[in-house]
Amino acid sequence: MPNTYNFFKKGMICNNAFTSADWTYPSLASLISGLSVPNHMMIHPEINIKFPKEQKLLFEYFKENGYHTAIISGDWRTSSATYDSIRGVDRYIAQNQNCGYRTENVLVDVIDHLETFKDTDQYIWIGTGDLHDIADGYALPSAIQVKMDLEDFYTGEKSETSIKQKYSPTKIKRYVKEATHIDSKLKVLYDYVEEKYKEDEFVVTLFGDHGQAYIVKPEEFHISRGLSNIGFMTRGGGVSGVSDEYINIVDYTNIITKLAGMENINIESDGMLPKTFGGNKENDFAITETIHPGDPYMIAMHGEKYTFYMETSAIVNDYGKVDMSSYNAKLYDSDGNQISDESIINKFIEFVFERTKYIQIY
């Protein structure tokens, strides 16, 4: 994605940013609330719940500080009003990307919105779901097809859900080509921002909500880096460089409000302001969890020195509860070597049991 790189190389590129969950619904909930998955429990694919009224959401912070807020999105999960994601949003434009609201259509509406409210401070959430075409097995645009080898047209078996897909070098190649294609469209927005605004007049952040299961090799843990490590880049707010700090997606509200110059507000969340963006200390770990009915409870803790994985033998029930009496836990060093030191492993296990005390079946 050369256009994306050229735009954000003038800002901050974060190599170790991690999502909170392995799929969009719980990840989105963490992004806009700053709550970890065990604390918001938006986990069921068929049951929609809402945040407590006292839990302030991302858009409300901006609205209270004089911003006009908007969601313009083609990603069906992030653009669904039923997920309580539009509290504090002044303008809402959304449609499923597979019904015609592709990246180029979203960007046209974004630029139109910027022109319409150009005399107003704005916070705009832009969502594009085109990359999901690979997991969904859809035919890719003709501009991509002409660059594909014949064998790359075979998508393999389609699973019931994208996060259960098997490792696939073919899908990885399709994914890269789709990302490059989207990048060519994003250049329109990057050019617009640079031409219309001075460097101290805008902040742009780019991030994903999760990785892809077909990047995860068979011998790897389900929520290893391929599924949990996300792209995260910012530009504006006086921050630049490349960061290897471990950043949690629940930190986003702290980050974006700081970059926007909102210094004296109290962020009520499980997140913190990473040192990269002016905070006082670094995260010890970035945490990704799976609390999904019908699946085992899983947690991955990625840090500078250690990576810890844990998975229960029992599955999560429809109430989000799980028997954690039997589990498998593994610890690795920074070079990927497994560590068998029980004293260190037990500290991680104790942390997980304390973190999940409200979802455990005793």
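Shown above is the structure to which this text applies.
Cut-off values and rules
- Residues numbered from 1 in each chain as written.
- Predicted model: local features only at pLDDT ≥ 70, side-chain atom pairs only at ≥ 80, totals over all residues.
- Heavy atoms only, no water.
- Pairing = 2+ DSSP bridges.
- Helix = DSSP H or I, 4+ residues; strand = E, 2+ residues; numbered from the N terminus.
- Axes fitted to C-alpha atoms, helices over the stretch in contact; angles between N-to-C directions.
- Contact = heavy atoms within 4.5 Å.
- Buried < 20%, exposed > 50% of the residue type's maximum accessible area, 1.4 Å probe, protein only.
- Expected span 1.5 Å × (residues − 1).
- Arc of directions from axis to C-beta.
- Core = buried A, V, L, I, M, F, W, Y, C linked by side-chain atoms within 4.5 Å.
- Parallel < 35°, antiparallel > 145°, perpendicular 65-115°, else oblique.
- Nonpolar A, V, L, I, M, F, W, Y, C, P; charged D, E, K, R; others polar.

Before going further, it helps to examine the sheet that holds strand β3 (residues 91-94). Pairing is parallel in the open sheet, where three strands are placed in the order β3-β2-β4. Single-partner strands in this sheet number two, and they are β3 and β4 (122-127). Put simply, the sheet's adjacent strands are angled 10° from each other on average, direction ignored. Pairing geometry for strand β2 (residues 68-73) and β3, over four bridges, is parallel. For Ile71, the partnering residue across the bridge sits in β3 and is Tyr92.

So, about the sheet that holds strand β10 (residues 296-302). Reading across from one edge, β9-β10-β11-β12-β13 is the order of the five strands in this open sheet, with antiparallel pairing throughout. If you trace the sheet from one side to the other, it starts and ends with β9 (286-290) and β13 (338-339), each paired once. Relative to β13, strand β12 (residues 327-333) runs antiparallel, the two being bridged by two bridges. Among the inter-strand pairings, Leu331 is bridged to a residue of β13, identified as Ile339. Across the sheet, helix α11 (residues 342-355) touches β9, β10, β11 (306-315), β12 and β13, and the angle it forms with β11 is around 55°.

Counting buried residues along β10, seven of its seven residues qualify, which places the element largely inside the surrounding structure. Side chains Pro296, Met298, Ala300 and His302 of β10 all project onto a buried face; the interleaved residues Tyr297, Ile299 and Met301 project onto the opposite face, where all are buried too. As defined by bridge partners, β9 adjoins β10 across five bridges and the pair is classed as antiparallel. Looking at the pairing, Ile287 lines up with Met301 of β10.

Helix length check: α11, at 14 residues, gives a terminal C-alpha distance of 20 Å against a target of 20 Å (1.5 Å per residue), a fit within 8%. When α11 is considered as a whole, its buried residues turn out to be Ile345, Phe348, Ile349 and Val352. Buried residues in α11, looked at end-on, bunch into an arc of 100°, giving them a common side. Those residues of α11 that are exposed and aimed more than 90 degrees away from the buried face are Lys347 and Glu350. Buried residues along α11 sit in contact with β10, β11, β12 and β13.

Quick look at the environment of Lys357 now. Turning to its location among the elements, Lys357 is positioned in the segment after α11. Of the residues examined, Lys357 reaches a relative accessible area of 32% and is grouped as partly exposed. Sequence separation between Lys357 and Met324 is 33 residues, and the spatial gap between their C-alpha atoms is 9.8 Å.

A separate point is the environment of Ala139. As for its position among the elements, Ala139 is in the loop between α6 (132-136) and α7 (142-145). As for Ala139 and Phe153, which are separated by 14 residues in sequence, their C-alpha atoms are 8.4 Å apart.

In this section: unusual backbone geometry. The phi angle at Met41 is positive, at roughly 55°, despite the residue not being glycine. With respect to the element layout, Met41 can be found in the loop between α3 (37-40) and α4 (58-64). Judged by its relative accessible area of 22%, Met41 falls in the partly exposed class.

It is worth spelling out the nonpolar core at this point. Judged by nonpolar contacts, the single largest core of 32 residues is most densely connected at Ile32, Leu58, Tyr123, Trp125 and Phe277. Looking at this core, the elements that each hand over two or more residues are β1 (12-18), α2 (24-33), α4, β4, β6 (229-235) and α10 (252-259). Per-element tally for this core: the top contributor is α2, with five residues. Excluding its chain neighbours within four sequence positions, the residues that come into contact with Ile32 are Phe51, Lys56, Leu57, Leu58, Phe59, Asp84, Ser85, Trp125 and Thr253.

With that out of the way, let us pick up the packing of helix α5 (residues 103-116) against helix α8 (residues 169-196). α8 packs onto α5 with a crossing angle of 10° between their chain directions and a minimal axis gap of 9 Å. Considering the angle they form, α5 stands roughly parallel to α8. Taking contact as the criterion, the partners of Thr103, Glu104, Leu107, Val110, Ile111, Leu114 and Glu115 in α5 are, on α8, Ile182, Lys185, Leu186, Val188, Leu189, Tyr192 and Lys196. Looking at the contact of α5 with α8 residue by residue, the class counts come to nine nonpolar, one polar and four charged.

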